[in-house]
Amino acid sequence: MNLHLLRLFVAVAEAGSFSRAAEGLWISQPAVSKGVRELEHQLDLTLIERGPGKGFGLTEAGASLFTHARGIFAMERAALDDVRARVGVQRGSLTVGASTTVASYWLPPYVAAFCAAYPAVVPRVMVGNTQWVCEQLLECRIDLALVEGRVEEERIEVSEWKADPLTLVVATDSPLPRRAVTAEVLGRQNWILREAGSGTRQATEALCAAHGIAALPWMEMASNEAIARTVASGVGVSMLPRVVVADMLALGTLRELKLAGAVLSRPLYRLALKSRPLAPAALKMVELLERKGASARTPR
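The residue numbers shown here count from 1 along each chain, following its written sequence. Reporting in this predicted model follows two pLDDT cut-offs: at least 70 for local features of residues, and 80 or more for side-chain atom pairs to be given and counted; totals over whole chains, interfaces and linings ignore these cut-offs and use all residues. Side-chain numbers come from the whole structure's heavy atoms, not from hydrogens or water.

J.: Quick one: what's the story with the overall build of the chain, residue by residue and with numbers?
T.: The helix count covers DSSP runs of H or I at least four residues long, the strand count covers runs of E at least two residues long, and both are numbered beginning at the N terminus. Summing up its helical and strand segments, the chain has twelve helices and nine strands in all. Considered along the principal axes of its C-alpha atoms, the chain spans approximately 70 × 55 × 30 Å. Taking contacts inside the chain between residues at least 6 apart in sequence as the whole, the part at least 24 apart equals 75%. In this count, Lys and Arg are taken as positive residues and Asp and Glu as negative ones, while His and the chain termini are left out. For the purpose of locating charges, the reference atoms are NZ of Lys, CZ of Arg, CG of Asp and CD of Glu. Once the 34 positive and 30 negative side-chain charges of the chain are each reduced to a mean point, those two points are 6 Å apart. Contacts were defined at the residue level, with two residues in contact if any of their heavy atoms lie within 4.5 Å.

J.: Now, about the pattern of salt bridges: what can you tell me, with residues and values included?
T.: Definition used for salt bridges: Asp or Glu carboxyl oxygen within 4 Å of a side-chain nitrogen of Lys or Arg. One pass over the full model with this rule turns up 15 salt bridges. Here Glu184 makes a salt bridge to Arg188, at a shortest N to O gap of 3.5 Å. For the exposure calls, accessible area comes from a 1.4 Å probe over protein chains only, and a residue counts as buried if that area is under 20% of its type's maximum, exposed if over 50%, partly exposed in between. What makes Glu184 exposed here is its relative accessible area of 60%. The exposure class of Arg188 is exposed, given its relative accessible area of 57%. The salt bridge involving Arg194 is made with Glu195; its shortest N-O contact spans 2.9 Å.

J.: So what's going on with the packing of helix α1 (residues 3–15) against helix α2 (residues 18–25)? Which residues, and what values?
T.: A packed helix pair is summarised by two numbers, namely the angle formed by the two axes and the spacing between the axes. At a minimum axis separation of 8 Å, α1 and α2 run at an interaxial angle of 120 degrees. By the angle between their directions, the pair α1 and α2 is classed as oblique. The crossing of α1 and α2 is right-handed. For the pair α1 and α2, the contacting residues are Leu8, Ala11, Val12 and Ala15 in the first and Phe18, Arg20, Ala21 and Leu25 in the second. Residues are grouped as follows: Ala, Val, Leu, Ile, Met, Phe, Trp, Tyr, Cys and Pro are nonpolar; Asp, Glu, Lys and Arg are charged; every other residue, Gly included, is polar. In terms of residue class, the contact of α1 with α2 is built from seven nonpolar, no polar and one charged. Interaxial angle, 0 to 180 degrees, is taken between N-to-C directions of lines fitted to C-alpha atoms, where a helix line uses only the stretch in contact. Note on terminology: angles under 35 degrees are roughly parallel, angles over 145 are roughly antiparallel, angles of 65 to 115 are roughly perpendicular, and the others are oblique. Whether a crossing is left-handed or right-handed is set by the direction in which the near helix is turned from the far one by less than a right angle, anticlockwise for left-handed and clockwise for right-handed.

Bear in mind that shape data such as this cannot, by itself, settle questions of function.
Okay, here's the thing in structure tokens:
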């Protein structure tokens, strides 16, 4: 199978059109179309639906080939990374995937420490929820990952990194009692939750399941900061990482709720792909992340 033609097909499948694929590859649309047709001729299969009224879509054979092709090119990236890693940490890059709370509050001092120690290596941080970060790791688009949510993918090595305290918050003038609230009372509130796939959402659902709280998602948001400000405006209740709301609690724009017997903390995880040796730059970052008493400061 011609890998150049296969790469053209993957670009078209990912872009959703021949023209956008051509723009991304910096070649002409006829060249892309010709390449895909040639691949179809070699395989004696129709890979992309064509014709008036059909729009753009992969055939069953095309969808199957696309799945295999993504795996092939993920292995290609892993092979290239392994070769480049032998150069060492005197030049190159490091890509870290991080879920939103980690990227916003926990990771920056470690990135600063890494840049000070290895100024010739260019760091990059890709941010998304836990599920998205895991997908990027499996496709070899990142070197290592730091996430908030549980991961149960057998191809990923999971290590606990540090604890992330959580807190239940409401608006300062909320009518909820200032003493400890009950699970029954919390079950009657309008809960504002992170989107599915988020580590904060997982932690909230685990707390509610453990205490019998019927916390239906009255509203969902893809940002902890947006949730904190919405709650502060007098809408709903939420559980958020303490590092996110520490300043708002100190300023009195949010109020903390107490739930008897609740352990409001969760572990943060460091992830790596089992089948992919860490590059030297990634190993140096891991050393910084795991060093006890490191100079990198952590949030209050």
